[in-house]
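Residue-level structure breakdown
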Amino acid sequence: MPSSSTLASFLVLALVVIVVPGPSVVFVIGRAMILGTRGAIQSVLGNAAGVGVQIVAVSLGVGVLIASSPVFFGLVKIVGSLFLVYLGIEGIRHRKDLRLELNSAVAVSTRKTLVDSSIVGITNAKTLVFFIASFPLFVEEGGFAPPIQMLILGGIFFVIGIASDMVWAVVAGVARARLVASPRGLEWVRLGGGVALTLLGVYLGYYSLAS
């Protein structure tokens, strides 16, 4: 078990990385604009599941192997970026469909929302790099086995990440509800969410190719 001082140091680092608005916040807000509060919360849970897979993989050493292969790691980053663009374009293309779904009380598929979001979480190159770079720095000699210590650190990050993203999901969902007083407004809100996700995917893809 890492010492209390080590855990406190990692906690501060995790708070800075998570709480400061970044790609994950844009993703959650974009999904809230498209799917509403319920869909945004489901997206948070799906994304967290994907990040959880990363945490386990890095703790067991798989993440290091992935990062050591420039081709494979680059492919992961590109796939993640393209999938965000896909989600954004789908939001733009079907912006009028959501009004019909709401009017007919037909919910967006929970399974699809969770699966889509988990893919985003698994292919999030920035969190993968963060885990690979930071976990070893906080592993202490003479304590639990390194994989166990890394899993503990990952658990801290996981909990903070869900709590922070849930707040953004609810806030964005409430804001969306206030913006959709008219059918036309609902279409514009979904359009904005789709554009945000598309631009995020393009930005991350460009950043990946440039780095």
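Residues numbered from 1 in each chain as written. Predicted model: local features only at pLDDT ≥ 70, side-chain atom pairs only at ≥ 80, totals over all residues. Heavy atoms only, no water.

Looking only at helices and strands, the chain features nine helices and zero strands. Start at the N end of the chain and walk to the C end: the helices and strands fall as α-α-α-α-α-α-α-α-α. Counting across all 211 residues of the chain, residues that qualify as buried make up 42%. Of the contacts made within the chain by residues no fewer than 6 positions apart, 87% connect residues no fewer than 24 positions apart. About 10,600 Å² of surface is accessible on the chain, with carbon and sulfur atoms providing 74% of the total. (Helix = DSSP H or I, 4+ residues; strand = E, 2+ residues; numbered from the N terminus. Buried < 20%, exposed > 50% of the residue type's maximum accessible area, 1.4 Å probe, protein only. Contact = heavy atoms within 4.5 Å. Areas by Shrake-Rupley, 256 points an atom, 1.4 Å probe, with all protein chains shown as cover.)

What follows is about the pattern of salt bridges. A full pass over the atoms with the stated rule returns one salt bridge. Where Lys112 meets Asp116, a salt bridge forms, and the shortest distance between an N and an O atom there is 3.1 Å. Taken as a pair, Lys112 and Asp116 lie in helix α6 (residues 110-122) at a separation of four residues, close to a single helical turn. Overall, the relative accessible area of 43% leaves Lys112 in the partly exposed class. (Salt bridge = Lys/Arg side-chain N within 4 Å of Asp/Glu carboxyl O.)

On the surface, Val56, Leu60, Val62, Phe144, Ile148 and Leu151 cluster together into a nonpolar patch covering about 510 Å² of accessible area. Residue position: Ile148 is located in helix α8 (residues 146-179). Residue class for Ile148 comes out partly exposed when judged on its relative accessible area of 40%. (Patch = residues over 30% accessible without salt bridge, like charges linked within 9 Å, V, L, I, M, F, W, Y side chains within 5 Å.)

A complete count under the given rule lists seven aromatic pairs for this structure. Within the aromatic cluster, the residues linked to one another by ring pairs are Phe10, Phe130, Phe131, Phe135, Phe138 and Phe157. (Phe/Tyr/Trp six-rings, centres within 6.5 Å; stacked < 30°, edge-to-face > 60°.)

Turning our attention to the side chain of Ser59. In this fold, Ser59 is placed in helix α2 (residues 23-59). You can call Ser59 buried: its relative accessible area is 4%. With near-sequence residues (within four places) excluded, Ser59 lies in contact with Phe135, Pro147, Met150 and Leu151.

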